[in-house]
Amino acid sequence: GPKVLQIPSHQIIDMGQMVTLNCDPVSNHLYFYWYKQILGQQMEFLVNFYNGKVMEKSKLFKDQFSVERPDGSYFTLKIQPTALEDSAVYFCASSPSGTRHYAEQFFGPGTRLTVL
Amino acid sequence: AQKVTQTQTSISVMEKTTVTMDCVYETRDSSYFLFWYKQTASGEIVFLIRQDSYKKENATEGHYSLNFQKPKSSIGLIITATQIEDSAVYFCAMREEIVGDNSKLIWGLGTSLVVNP
């Protein structure tokens, strides 16, 4: 099926540093998402991005978080500054359309972020 | 708010048998979309199958099928002729509309399936 790529697969940083997680969505997809999964816990929605704008963000999407997709390149999640509770696996997803008939989201392999 | 509940935390079955995983959901929407994904040991999340609420027929996809019981707000996943490689964590998810065509997925906690030889 369609492939979403994420770089890096694992990132270890010190608390307070900035980190950027990169996502290469499926080429013809228009809707982009970030989800957060803490080990052994539920997958939780962070943010939805469409047409260059954040459409919705959850309460987990703190002020330290930001997303962008400059010039159709990587869809990025930036955390600045990082906190210990940001340690988790972050999954990027994309879908061709938001409409009901194309509602499946396709996921990348995740980036495991460890904040020390 | 929408909610998805998977009460089975772990299931263990023998290879080549059939397994059913439960999922119940809560929504106020008259039309909605339900999905099953699996997460492999490597962490990869793979889309398996979907059910559109307005469709009466249960969805099928290969050796996956759904038991959609709308009055009970239930969407069970059935895997027939299980294989060792079906061992994974299975997530039930529901599409929640945001604004316009935008949406997000609401996830259950997942059910860990172990298929034994």
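First things first, this report covers the structure right here in the doc. Since the structure is predicted, the reported quantities are computational estimates derived from the model, not experimental observations. (Residues numbered from 1 in each chain as written. Chains lettered and ligands numbered in written order. Predicted model: local features only at pLDDT ≥ 70, side-chain atom pairs only at ≥ 80, totals over all residues. Heavy atoms only, no water.)

**A short note on the overall build of chain A**
Reasoning step 1: Check the secondary structure of chain A and you find 0 helices and 11 strands.
Reasoning step 2: Starting at the N terminus, the α and β elements of chain A follow one another as β-β-β-β-β-β-β-β-β-β-β.
Reasoning step 3: At 13 Å, chain A has a C-alpha radius of gyration in line with the 13 Å of a compact globule built from 116 residues.
Reasoning step 4: The principal-axis extent of the C-alpha atoms belonging to chain A is close to 40 × 30 × 25 Å.
Reasoning step 5: A buried classification covers 47% of the 116 residues belonging to chain A.
Reasoning step 6: Distance from the positive charge centre (10 side chains) to the negative charge centre (10 side chains) of chain A: 4 Å. (Helix = DSSP H or I, 4+ residues; strand = E, 2+ residues; numbered from the N terminus. Rg over C-alpha atoms; globule rule 2.2 N^0.38 Å. Buried < 20%, exposed > 50% of the residue type's maximum accessible area, 1.4 Å probe, protein only. Lys, Arg positive; Asp, Glu negative; His and termini not counted. Charge placed at Lys NZ, Arg CZ, Asp CG, Glu CD.)

**Focus: the packing of aromatic side chains**
When we look at a pair of aromatic rings, we describe it by the centre distance and by the angle of the planes.
Reasoning step 1: Taken as a whole, this structure holds 19 aromatic pairs over all chains when the rule is applied.
Reasoning step 2: Between A:Phe107 and B:Trp107, the ring centres sit 5.5 Å apart and the planes meet at 80°, which makes this aromatic pair edge-to-face. Placement of the pair is A:Phe107 in strand β10 (residues 106-107) and B:Trp107 in strand β11 (residues 103-107), with the two residues belonging to separate chains.
Reasoning step 3: When its relative accessible area of 8% is taken as the criterion, A:Phe107 is described as buried.
Reasoning step 4: By relative accessible area, which is 1% here, B:Trp107 ends up buried.
Reasoning step 5: Look at B:Tyr37 and B:Phe47: their rings are 5.7 Å apart centre to centre, the planes differ by 65°, and that puts the pair in the edge-to-face class. Remark: B:Phe47 occurs in strand β6 (residues 45-52) and B:Tyr37 occurs in strand β5 (residues 33-39); sequence separation between them is 10 residues.
Reasoning step 6: Look at B:Tyr37 and you get buried, because its relative accessible area is 0%.
Reasoning step 7: The class for B:Phe47 is partly exposed, based on a relative accessible area of 22%.
Reasoning step 8: Three or more aromatic residues link up through ring pairs in this structure, and these residues are A:Tyr33, A:Tyr35, A:Phe45, A:Phe106, A:Phe107, B:Phe35, B:Tyr37, B:Phe47, B:Phe91 and B:Trp107. (Phe/Tyr/Trp six-rings, centres within 6.5 Å; stacked < 30°, edge-to-face > 60°.)

Geometric descriptors of this kind do not, in isolation, establish any biological role.
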